[in-house]
Amino acid sequence: MASILVVDDEIGIRDLLSEILSDEGHAVEAAENAQQAREVRLRHQPDLVLLDIWMPDTDGVTLLKEWASAGQLTMPVIMMSGHGTIDNAVEATRIGAMAFLEKPIALQKLLRAVEQGLSKPAPKAHQDVVLTAPAPSLPEPPPLTLIAEQSFTLDRPLREARDDFERAYFEFHLAREGGSMTRVADKTGLERTHLYRKLKQLGVDWGRTGRKNQGTSHSPPADDGQSE
């Protein structure tokens, strides 16, 4: 049995997750906002936290930064959101979150994420994390085991749905690798010429920021990988 903290401002989601996890034999505490979550964390350290991103007082990413800054991020944290983006997921994992789940959360995805979180060693506390620190000074993000399990509208032509998935996939890798085409090609298993062609086809900017820039044409940099 594990101690799990569920943080979500929606009572229906809190109750549902608490019921599911209790049925699995876990001891569950619920918090409806960041302040309640802080109080629970001060009373004891849960074995795992399910943390919503969008909350009215303090958002989940800010709370995650607070815990990291105070050296209290010593338990696995799984972020949840119904309106999450690739940027949200990358930022949260750079701070220390282990995974990112899209709402509505399927039962099997929830249980798999919880099982994976409880099976991993607790993260080390980072006392030197600064809330305004630039991304390069933050720890290398852990693998996003669940980031690919996003929700996509399926009631449309196959090509459109596939293009949306591929666009999100490449944007994620570009953001995580700092725009390095060499590393993205290695991570995705594509030759660089094929990768350039695919990004251009999808309308994804391959600049150093790794962010999408629709409608802008770029030529592949000749010396990418030499300045890594």
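All figures in this text were calculated on a predicted structure; none of them were measured in a lab.

### With respect to helix 6 (residues 158-176)
Side chains of residues three or four places apart in an α-helix project in the same direction, reflecting 3.6 residues per turn.
So, point 1. Under the 1.5 Å per step criterion, the end-to-end length of helix 6 is 27 Å for 19 residues, consistent within 8% with the ideal 27 Å.
So, point 2. Buried residues of helix 6: Ala161, Asp163, Glu166, Arg167, Ala168, Phe170, Glu171, Phe172, His173, Leu174, Ala175 and Arg176, and no others.
So, point 3. On the buried face of helix 6, the contacting elements are helix 4 (86-95), helix 7 (181-188) and helix 8 (192-202).
So, point 4. Positive backbone phi, at 65°, marks glycine 178, one or two positions downstream of helix 6.

### Here we look at the pairing of strand 3 (residues 48-52)
So, point 1. Taken across its 5 residues, strand 3 has 5 buried, putting it largely inside the fold.
So, point 2. For strand 3 and strand 4 (residues 77-81), the ladder comprises 4 bridges, and the chain directions are parallel. Pairing of leucine 50 across the sheet is with isoleucine 78, part of strand 4.
So, point 3. Regarding topology, helix 3 (residues 60-69) serves as the crossover connection from strand 3 to the parallel strand 4, and that connection is right-handed.

### Brief notes about the packing of helix 6 against helix 8
So, point 1. In the contact formed by helix 6 and helix 8, the axes pass within 10 Å of each other and the chain directions differ by 120°. In terms of axis orientation, helix 6 runs oblique to helix 8. Here helix 6 runs over helix 8; the crossing is left-handed. On helix 8, the residues that touch Arg159, Asp163, Glu166, Arg167, Phe170 and Leu174 of helix 6 are Leu195, Lys198, Leu199, Gln201 and Leu202.

Definitions and limits used
Residues numbered from 1 in each chain as written. Predicted model: local features only at pLDDT ≥ 70, side-chain atom pairs only at ≥ 80, totals over all residues. Heavy atoms only, no water. Helix = DSSP H or I, 4+ residues; strand = E, 2+ residues; numbered from the N terminus. Expected span 1.5 Å × (residues − 1). Buried < 20%, exposed > 50% of the residue type's maximum accessible area, 1.4 Å probe, protein only. Contact = heavy atoms within 4.5 Å. Pairing = 2+ DSSP bridges. Right-handed = clockwise from strand over helix to strand, strands pointing away. Axes fitted to C-alpha atoms, helices over the stretch in contact; angles between N-to-C directions. Parallel < 35°, antiparallel > 145°, perpendicular 65-115°, else oblique. Left-handed = near helix turned anticlockwise from the far one by under 90°.

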